[in-house]
There are 2 protein chains.
Amino acid sequence: MSNVRRFVRRIFRSVAGLPLLVSLLFWAANAPAQQDVPFSERTGYPVAPQGLEIPPLPDGPVRYKTAEDQDIRVVVFAQGLTQPWSIAFLPDDVILVTERPGALRVIRGGELDPDPVPGLPDTQTGGLSGLHDIVRHPDFDTNGYLYFSYNRPDGDGNRMTVARGRFDGESLVDVSEVFSAAEGIGSAARLTFDHDGMLYVSVGSGQADAAQDPMSQRGKILRLRDDGTVPDDNPFVGKAGYLPEIYTLGHRNTLALAVHPGTGDVWQNENGPNGGDEINVLRPGANYGWPIISLGRTYPGPWQSREFSREGFENPIVYWTPSIAASGMTFYTGDALPRWTGDVFVGALRMGEIPGTGHVQRILFNQDMEELRREMLLFDLRQRIRDVRQGPDGLLYVLTGEDDGAVLRIEPGS
Amino acid sequence: MSNVRRFVRRIFRSVAGLPLLVSLLFWAANAPAQQDVPFSERTGYPVAPQGLEIPPLPDGPVRYKTAEDQDIRVVVFAQGLTQPWSIAFLPDDVILVTERPGALRVIRGGELDPDPVPGLPDTQTGGLSGLHDIVRHPDFDTNGYLYFSYNRPDGDGNRMTVARGRFDGESLVDVSEVFSAAEGIGSAARLTFDHDGMLYVSVGSGQADAAQDPMSQRGKILRLRDDGTVPDDNPFVGKAGYLPEIYTLGHRNTLALAVHPGTGDVWQNENGPNGGDEINVLRPGANYGWPIISLGRTYPGPWQSREFSREGFENPIVYWTPSIAASGMTFYTGDALPRWTGDVFVGALRMGEIPGTGHVQRILFNQDMEELRREMLLFDLRQRIRDVRQGPDGLLYVLTGEDDGAVLRIEPGS
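Residues numbered from 1 in each chain as written. Chains lettered and ligands numbered in written order. Predicted model: local features only at pLDDT ≥ 70, side-chain atom pairs only at ≥ 80, totals over all residues. Heavy atoms only, no water.

Okay, the interface of chain A and chain B next. Facing the 77 residues of chain A at the interface are 75 residues of chain B. Buried surface at the junction of chain A and chain B, summed over both partners, amounts to about 6400 Å²; 55% is from carbon and sulfur atoms. Here chain A is connected to chain B by 2 salt bridges. One can count 21 residue pairs in polar contact (both at pLDDT 80 or more) joining chain A with chain B. For the side of chain A that touches chain B, the secondary structure elements donating two or more residues are α1 (3-13), β18 (318-320), β21 (359-365) and β22 (371-377) of chain A. Looking at which element gives the most residues to the side of chain A that touches chain B, the answer is β22(A), with 6 residues. Along the lines of polarity and charge, the residues of the side of chain A that touches chain B split into 38 nonpolar, 20 polar and 19 charged. (Contact = heavy atoms within 4.5 Å. Buried area = accessible area lost by both parts, 1.4 Å probe. Salt bridge = Lys/Arg side-chain N within 4 Å of Asp/Glu carboxyl O. Polar contact = N/O pair within 3.5 Å; in protein donor to acceptor, adjacent residues only side chain to side chain. Helix = DSSP H or I, 4+ residues; strand = E, 2+ residues; numbered from the N terminus. Nonpolar A, V, L, I, M, F, W, Y, C, P; charged D, E, K, R; others polar.)

To continue, consider the sheet that holds strand β17 (residues 277-281) of chain B. All names here are of chain B. Reading across the sheet, the 4 strands line up as β15-β16-β17-β18 and stay open at both edges, with antiparallel pairing between neighbours. Each end of this open sheet is capped by a strand with a single partner; those strands are β15 (253-259) and β18 (318-320). Shown here is a sheet whose adjacent strand axes are inclined to one another by a mean of 15 degrees, direction ignored. Relative to strand β16 (residues 266-271), β15 runs antiparallel, the two sharing 6 bridges. Within β16, the residue paired with threonine 254 across the bridge is glutamate 270. (Pairing = 2+ DSSP bridges. Axes fitted to C-alpha atoms, helices over the stretch in contact; angles between N-to-C directions.)

Before going further, it helps to examine the relation of the copies chain A and chain B. Superposing chain A onto chain B requires a rotation of 180 degrees together with a translation of 0.0 Å along the rotation axis, leaving an RMSD of 0.0 Å. Put plainly, the chains are arranged around a two-fold axis. Comparing interface residues between copies, 97% of those in chain A also lie at the interface in chain B; the contact surface is shared. (Least-squares fit on C-alpha atoms with pLDDT ≥ 70 in both.)

Right, let's talk about the sheet that holds strand β11 (residues 191-193) of chain B for a bit. Residue and element names in this part refer to chain B. Across the sheet, 4 strands lie side by side as β11-β12-β13-β14; this open sheet has antiparallel pairing. Two strands in the sheet have a free side with no partner beyond their single neighbour: β11 and β14 (246-248). Averaged over all adjacent pairs, the angle separating strand axes in this sheet is 35 degrees, with direction ignored. In terms of strand pairing, strand β12 (residues 199-203) meets strand β13 (residues 220-224) through 5 bridges, oriented antiparallel.

The next point concerns the pairing of strand β19 (residues 326-331) of chain A. All names here are of chain A. With respect to burial, β19 is a largely interior element, 6 of its 6 residues being buried. As paired strands, β19 and strand β20 (residues 344-348) are joined by 5 bridges and run antiparallel to one another. Bridging across to β20, phenylalanine 331 finds its partner in valine 344. (Buried < 20%, exposed > 50% of the residue type's maximum accessible area, 1.4 Å probe, protein only.)

Rendered as structure tokens:
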């Protein structure tokens, strides 16, 4: 029974019923007028507020003092990119950046080539679809392979696909398909290779319950050999009713995969709904709970689940409420920014359902990988941050997930 | 078993054991050097980083555009206050502000009287002790009573005490004690009166388990009549083993109490440890879980509890991870800031264990009191925010919890 109804009942039962009823009517008349929050008819979600102004990116370097006494300066390394999604560092000062609307871009010696790199397979774009992640094969130095994820046209729709190719300096060549998701599965995939040379591929959850369905690829992290076949030691190989490519289950939408340099564990981050973004340490065969267990609310308001955690489901190692729309993750192992060595960096597309609040987050752990604190960085730039990666120069490269996107670089301040 | 040990075991058991062992040694040698995080010998907690610079308060009004298209301007209404903790609005443009180090200050027509208000009872100060909350009696207009909480000297220590008095324009007079906590309980108390004229008093948790102990006042919200006696309808009256003054149990450190203007429910907020700050809607006799159930980690790192929630313990209506060190809360019912009418405002002493990140948060709910979104405000001022209250003019008054403290006022921007 609602609190108001319970209160009204008490009034009628009490000796002082009438005066109290009069008071109740008075309060009701003066109850704070709830804001008329517009909801989208299409999604059922509240329409996002749009009052914050996004400043233009600075022309020159911006200096910051940070909490950890790590002076930094941030430069715009490259701009004029459309929804940059991922970045790969090649020899000879060559950098490749994916643009979600279906283009691969190359930066040579700091100069962005105005023309996209030829050789990409046919890609379906629009909305969240297109070209997504790009990573080097562990033996890139000998085989030159780059792996990338994109939406391959398929009938009326598309399929999430992982392909590999080589960059010959001008074009993408020797392109072949490695893995394609089941029909109709068109989410954006993050990729990573572990220290054993196994390939991990994330699949978004799509329809809510599929993340728990062991016969669906949705809402899973898959583990494959570098040729797209299933390794014999996958946790569910040979188990009836389980797709053998599944490594972990119960994920909502994964926007980062990264391997811990010390332990070799695969770390992942995923977006909760309204609250409940997570970093998870992946254990083979484990279930991360979505949609049964979540730390967040649904967008229209009610809690996603009655409990925040439950036996049998893995808790995150780090989580955020409110959400930061986490995207991208890197373990910083360089020494150019010495106060940050050993810390984890995550991109934030926004903070708490408010557009114009993107930033970078730095997380400090103790020796047992238990979080001690988190720091917001670059908040004043108000850029949606899609990815954060460490470059071979030991600096941090940051992609803004904007239509007028950029690569920012975090350098030591002095 | 730790991930590293598990991995080493796998190496020895595998066919490729030796090369993998060599790799492991390589990785271990190159594992990211963990930052040497200093821990306080006294508390066992990590020493807080101190790298951020706090800018001086602005001289003139600062204008902001906000996410909700509510243009605001923020002015420094009064400054030169030492750790201001609470604020009460009296007729004739008189405002009283408590200073934690044991002084009551008066602002008349916007002018801060340099001399403290005489008449305060003897108060023990130092550290977190001193003078804390001040609120008007519901019938203030007829009886002139102000209720305040402070630490009354008691033997070698002090006791949290609630007293009342009147302000005669110059001094606090007719002061009498209303309630005193049990011996040795010296926490800071928030106070509020509900629509029935009952007085709620918060007590900090102190030693960890006492919040669950029904024979201790620690970690509780108490419900009393305005004369300090126990109302007959308190939830545990007559129950053996339960102190009758207890309204709710299982709270860590409460820094806000406020009554929802529509429902009449008492809302509370409390600081989690490292993560897990909460807003709770108080139900009589309910248990809010501390320290058995918490959403946060302990300061040295390990999770406070294995589960984030459990049957029999109340979940918060809003929570924060990372912590914002929530302090103060108000329901905005005015119309001077029309886009914010119906929203809840909370003060944040800091964000995520980083000094210099205090701010104000605005929370938007739907008609069912389910949170839709949160917005950070005034973040660039970097002030620890201790309290947020609506003034009789429908503007928002904000106290900075600083040694060089101020009262800020949020006004419409245009």
